[in-house]
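Each chain is listed here by its residues.
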Amino acid sequence: MAITSAPAATRAPGRTSSPAPAGPARSSLGRKVRDNLTGHAFLIGAVLCFAVFSWYPMVRGVVMSFQRTRRGETTWVGWDNYLRILDDPSFATAWQNTFYFTGLALVLGYAVPFFVAILLNEFRHAQGYLRILVYLPVMLPPASALFLFKFYAYDPGDAGLFNAILKGLGLPTSQWMQSPEMTVPAMVIASTWMNMGSAVLIYLAALQNIPGEQYEAAELDGAGIWRRIRHVTIPQTRLILALLAMLQIVATMQLFIEPLILANGAGAEDSATSVAYLIYQHGFFQNDLNGAAALGVIMLVVLAGFSAVYLRLTAKQD
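Residues numbered from 1 in each chain as written. Predicted model: local features only at pLDDT ≥ 70, side-chain atom pairs only at ≥ 80, totals over all residues. Heavy atoms only, no water.

A. Focus on the pairing of strand β1 (residues 67-70). Direction of pairing for β1 relative to strand β2 (residues 73-76): antiparallel, over a ladder of four bridges. Bridge assignment links Thr69 to a residue of β2, and that residue is Thr74. A loop of two residues connects β1 with β2, the two strands running antiparallel in sequence, and Arg71 in this loop sits at a positive phi of about 55°. (Pairing = 2+ DSSP bridges. Helix = DSSP H or I, 4+ residues; strand = E, 2+ residues; numbered from the N terminus.)

Structure, rendered in structure tokens:
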């Protein structure tokens, strides 16, 4: 008896087996594309803002510094604007006042927030309240804070707050903004009070990341508070200290609103004239936009030099 096998399954010619549907893979790919498009859309917005409000004005200022505009006609004059700015009698005075302000700000406005942060870090109670109290001046509009100093703290009479304190301590009073010798120190005091809150909070965040075991080891070795600050606190926060020092230099070199409000611009015997205020004078009072652009480029080069030195030093530390 013959046994026949079942016929083998035949496959139609030209037809291949279809792969399994890749629905999850396609949806994952689409999600990645959408996420990237969203990220790039936000990035494009930021780039456009920087291009329109930062990069274009800088490039335009550099171009204008080599031009001269008279009666609507613009001509290229090379280095003439720079030579004319260097011959301005207020040029040297403005740089001298600016460097003097920056140096005092590094001594006072840079050191005070650091030690205030160390003091606040030692408190175990009411830290939130103390942080708000220190940060409160930052929330005030700068113009309002400076007018407060001008008409209340720096009043040259006995009604002024600082003169009343000096008189109560038996010390001689001061004319403050009316005195050429006290103009820059008075501006540094006001600027430090207005801006130190942000630096204090940054220092506090850095201090709270220092392991407590290091302070305990230093105390067991008999180190006092100053030795602990020198050998533990400063080494552990040196990168933050270096960064804020650079930011302090860049910010104080652009001194403008303090002389404008406190000293009505130039101050007594040009004691408050800064480079930024001199740019303002050339641009808006003398209608010399090309000279103002040249002076702005000079300031840009100086600040770029400070930034290059900072990057070189921090690179060596790393």
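Once the structure has been displayed, the description carries forward.
B. Expanded view of helix α7 (residues 161-168). Along α7, the positions that sit buried rather than exposed are Phe162, Asn163 and Leu166. Down the axis, α7 shows its buried residues gathered within 95° of arc, on one side only. Pointing more than 90 degrees away from the buried face of α7 are the exposed residues Lys167 and Gly168. Along its buried surface, α7 packs onto α6 (142-153) and α8 (183-207). Downstream of α7 by a residue or two, Gly170 has a phi angle that is positive, lying close to 75°. (Buried < 20%, exposed > 50% of the residue type's maximum accessible area, 1.4 Å probe, protein only. Arc of directions from axis to C-beta. Contact = heavy atoms within 4.5 Å.)

C. Inspection of the packing of helix α3 (residues 89-109) against α8 at higher detail. Across the interface, α3 lies against α8 with an axial gap of 9 Å and an inter-helix angle of 45°. It follows from the interaxial angle that α3 and α8 lie oblique. Along this stretch, α3 crosses α8, giving a crossing that reads as right-handed. Counted together, Tyr100, Phe101, Leu104, Ala105, Leu108 and Gly109 of α3 and Val184, Pro185, Met187, Val188, Ile189, Ser191 and Thr192 of α8 form the full contact between these two elements. (Axes fitted to C-alpha atoms, helices over the stretch in contact; angles between N-to-C directions. Parallel < 35°, antiparallel > 145°, perpendicular 65-115°, else oblique. Left-handed = near helix turned anticlockwise from the far one by under 90°.)

D. Structural detail: the packing of aromatic side chains. The final tally for this structure, using the stated rule, is 21 aromatic pairs. Aromatic pair Phe149 and Tyr154: ring centres 5.5 Å apart, planes at 50°, arrangement tilted. In terms of burial, Phe149 and Tyr154 fall into one category: buried. Grouped by ring-pair contacts, the aromatic residues Phe149, Tyr154, Phe162, Trp176 and Trp193 constitute a single cluster. (Phe/Tyr/Trp six-rings, centres within 6.5 Å; stacked < 30°, edge-to-face > 60°.)

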